[in-house]
Structure formats: structure tokens, C-alpha cells
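These are the residues of each chain, in order.
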Amino acid sequence: MPNQPTYHIIGAGIAGLMCSRFLRKQRPQSKIIIYEANNRPGGRCYSYDDKEMGCRLDNATHVILRGNRMASALTGVHRWPSQTYFWDAEKDTITSKIFKYHRQILKSMCNTQAEDIPRKMIKNICWKLFPWSKHQLGVYFSKNDLTQRLINPMLIYADEIKYGHRLESVGVEFGKIATLHFNKGILELDKNDIVIVALDAAAYSKIFQSRDFTFNSIINVHFRTSQEINLPKLAGYMGIINGLADWVFINEDIVSFTISDARMTVEEIKALPERLWKQLDILRGVNSAFLPPHKVIIHQNATIAQDVYNNILRPENAQTKYGNMFIAGDWTMKDFPCSIEAAILSARRAVKTALTKEKKQK
Ligand SMILES: Cc1cc2nc3c(=O)[nH]c(=O)nc-3n(C[C@H](O)[C@H](O)[C@H](O)COP(=O)(O)OP(=O)(O)OC[C@H]3O[C@@H](n4cnc5c(N)ncnc54)[C@H](O)[C@@H]3O)c2cc1C
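The text that follows walks through the structure, step by step, so that each part is easy to find. (Residues numbered from 1 in each chain as written. Predicted model: local features only at pLDDT ≥ 70, side-chain atom pairs only at ≥ 80, totals over all residues. Heavy atoms only, no water.)

As a further point, take the packing of helix 3 (residues 102–110) against helix 4 (residues 119–129). Between helix 3 and helix 4, the least distance of the axes is 12 Å, while the angle of their chain directions is 95°. By the angle between their directions, the pair helix 3 and helix 4 is classed as roughly perpendicular. Residue-level contacts link Leu106, Met109 and Cys110 of helix 3 to Met121, Ile122, Ile125 and Leu129 of helix 4. Looking at the contact of helix 3 with helix 4 residue by residue, the class counts come to 7 nonpolar, no polar and no charged. (Axes fitted to C-alpha atoms, helices over the stretch in contact; angles between N-to-C directions. Helix = DSSP H or I, 4+ residues; strand = E, 2+ residues; numbered from the N terminus. Parallel < 35°, antiparallel > 145°, perpendicular 65-115°, else oblique. Contact = heavy atoms within 4.5 Å. Nonpolar A, V, L, I, M, F, W, Y, C, P; charged D, E, K, R; others polar.)

With that settled, consider the sheet that holds strand 1 (residues 6–10). Taken together, 5 strands build an open sheet; the order of strands is 9-2-1-13-19 and the sheet is parallel. In the strand order of this sheet, the two ends are held by strand 9 (160–163) and strand 19 (325–327), each with one partner. This sheet shows a mean twist of 20° between the axes of neighbouring strands, independent of strand direction. As defined by bridge partners, strand 2 (residues 31–36) adjoins strand 9 across 4 bridges and the pair is classed as parallel. Residue Ile33 lies in a different strand from strand 9, and its bridge partner there is Glu160. This element, helix 1 (residues 14–26), spans strand 1, strand 2, strand 9 and strand 13 (194–197) of the sheet and lies at about 180° to strand 2. (Pairing = 2+ DSSP bridges.)

In this section: the environment of Thr6. Within the fold, Thr6 resides in strand 1. Separated by 200 residues in the primary sequence, Thr6 and Lys206 have C-alpha atoms spaced 25 Å apart. In this structure, Thr6 is in contact with Lys31, Ile33, Asp193 and Ile194, ignoring residues within four places of it in sequence.

Working definition: the strands of a sheet are paired by backbone hydrogen bonds and lie parallel or antiparallel to each other. Strand order in the open sheet made by the 7 strands is 7-6-15-16-17-14-18, with mixed pairing throughout. Single-partner strands in this sheet number two, and they are strand 7 (93–95) and strand 18 (294–304). Pairwise comparison of adjacent strand axes, ignoring direction, gives a mean angle of 25° for this sheet. Across 5 bridges, the pairing between strand 16 (residues 247–251) and strand 17 (residues 254–259) is antiparallel. What sits directly across from Phe249, in strand 17, is Ser256. Sitting on the sheet, helix 7 (residues 266–284) touches strand 6 (85–88), strand 7, strand 14 (215–224), strand 15 (237–241), strand 16, strand 17 and strand 18, and the angle it makes with strand 14 is about 60°.

Have a look at this one:
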């Protein structure tokens, strides 16, 4: 069809894939192409076959709160079959009073110490994202395969996903993106084409020399065990206070610990699996004979630090200074925790902004 634009999406993380989904719904006949630097989709959210552990692992435990409406609709209903409990590792007490531990919940949601989180973000968490009113956390999770459950169903919306295509720079003419410069060559755009950049904050800043974000890390430690692991109260997961990790999750034969905003020395990380397993022994009231096979995954730049400084650097909307270029990605949703929900919301906003502008120009 003449004058039909092609929609070029950069990045096949959740934001990029969701852009293709929203675009396909609005523009069923249009050409949609995604360019991804990696050789797999999913960005920070994926599963892989771990040779050492001999099983499929999620790169990180991803949970979705009931208040994350878009994300929980996408995952379907797979609720963790238990209420949320917190174990105080120092006092060895267990409680379900989540209000008492709101600082820990905020830290996990924002991967940032609670006292550094901007007030507006906390307000959004309280009013939009967190199911306070139910007095319990509705937690949805990927049952051992994020790629299969979350990512693969989103691959059908684009006409093509070009893997191994790393965007390195762009060419600009008359205030619009005219060329996309990939490691594989230069792509010339037609004058009506639209570009949605759905990169992580570090990649975006590097290409567009825009913002000087700082990042916080997350550490996940996965154990694979043939023992049946039962937590007190028959809990499927538990928050940990005054312990080494913030959360422990039981997912069939995999026990995973998550440490948000992790600041540890190499020596501390080395000692972590043994110390975590000992702590789990105390929680379970057992004495394990040996340490099961385990994997420590360190996500150095897991998310931008969600503090006041970084929040100011986040964009106000999806429009960039280039007329035909829009942005999506978890970090682009100012005042929202960087999460699956934020990535989806950002995709919806980017597509809406792009199509509204396109309509006005016709
Ligand atoms: C350890 C960990 C635990 C987490 N836990 C949770 C959780 O429990 N609940 C929750 O909701 N969220 C969680 N998150 C956050 C969630 O994973 C992210 O918010 C979400 O995946 C972000 O999606 P995105 O599409 O915005 O970015 P990304 O997933 O980062 O996607 C960006 C894509 O762009 C690609 N790319 C980068 N540079 C280029 C380039 N130059 N050219 C082309 N492509 C490029 C990347 O390869 C990537 O595929 C967690 C994150 C981590 C790391």
C-alpha cells in the first residue's frame, strides 16, 4: 500500500515486544520490524538451559503483584499458592503483617533503599501498583519458564525480528531520523516511517548521549535440590528480614534467593551460597548434610537506581526531539518502579503518542 509507514522497533525486551503487540492491534496491515542486538528476545526477562545445573532456569525470579494490572493480565492466573509471610532471621519469628515491613517491600519493588525513593513513586505504588486494600500480596509468577510463559506469546505480532542487529547510531535529516546505523549496515527510512526505541537506559544513553543514569544490581542465587523443601506455614515464598537475602522462593525443585540493591564484595558473594543454605536450614529447622548444586547470577545493572536523582533524568513523555522517534522501556515511565508493568505501560504510551502524531500529520 502506498504511503504506509513501516514501524521500526529497536529492542526485543518486554517494552519492544509489547509495542509490536499494541501496534498490530491498531494497524493490522502495517509492517512492523523489531531489531534486537542479542540472539534471543526478552531483554532482562528470559529463561535458558543451564548446563551446570542441568535444568532450565529463569535468569531471575520475576514476580508480578496483583496491582500490576497490565502485567498480571498478560501472565494469566498463576498465583503463588500462599499468603506473604516475613521471617525475621535475627529473632526467628514469622509474621504476615506486611505493613510492618513496607520498607523491605519498597526496596524490592524499586531495587533502591526505601529512604531514597521519590515520594511521587511511593504514591504511585500505594495507589496504583500495590494491593494494599486486600491486606495480602497477590503474587503471580512464572512457573519456571519466563521465556515460554511471557516472552514467546509476544513474538507473533511483528513481521520480523532481526536478531544480532545492534543499533549504533542514527542519521538525522530535517529533525527526523533518516537512517538507522546497525552493526550489520545502514538502513534508510522512508519519510513516513516511525521508530520506537525500546532500549534499556544504558544502551539508550550511549547511543543518544543523553542521560547519566546510575544503576543498582540484583543478585539471585538458585539451588537445585531433590529434597522436598517445605517452608513454615506451607509458604511458597517468604520475605526475609535481617537476613542475607530479601526473599526466598520455592519453585518445584529450584529454591531461589533474591537480594535487591545488592552491595557485596567478591568475598561476600563467594561465601553467599553456603551462608544462604545455612539460613534456610534455620528457617526450616533442619540440618542439611550437604550444599546442593547452585548458581549465583549477578545482574550488575539490573535497573536504574530509582532515587530522586535518576527520577529527574527520566523523560516526561514518549516523544523525543526527533519528529518520528518515540521511546519506551521501563526507565522511561517517570515515577514508576522499573518493572514489567512499567515496560508495558511505556509501550502503550509510546504507541499511542506515535499514532496520534501520525494521525495529525495526515
Ligand atoms: C534480576 C532482575 C529481577 C527482576 N525482577 C522483577 C520482578 O520481580 N518483577 C518485575 O516486574 N520486574 C522485575 N525486573 C525488571 C524487569 O525485568 C524489567 O523492568 C523489564 O524486563 C524491562 O523491560 P524493557 O523492555 O524495558 O528493557 P530490557 O528488557 O532491558 O530490553 C531492552 C532490549 O534492548 C536490547 N538492546 C540493547 N542495546 C541494543 C542496541 N544497541 N540495539 C538493539 N537492541 C539493543 C537488549 O538486548 C534488550 O533485549 C527484574 C529485573 C532484573 C534484572
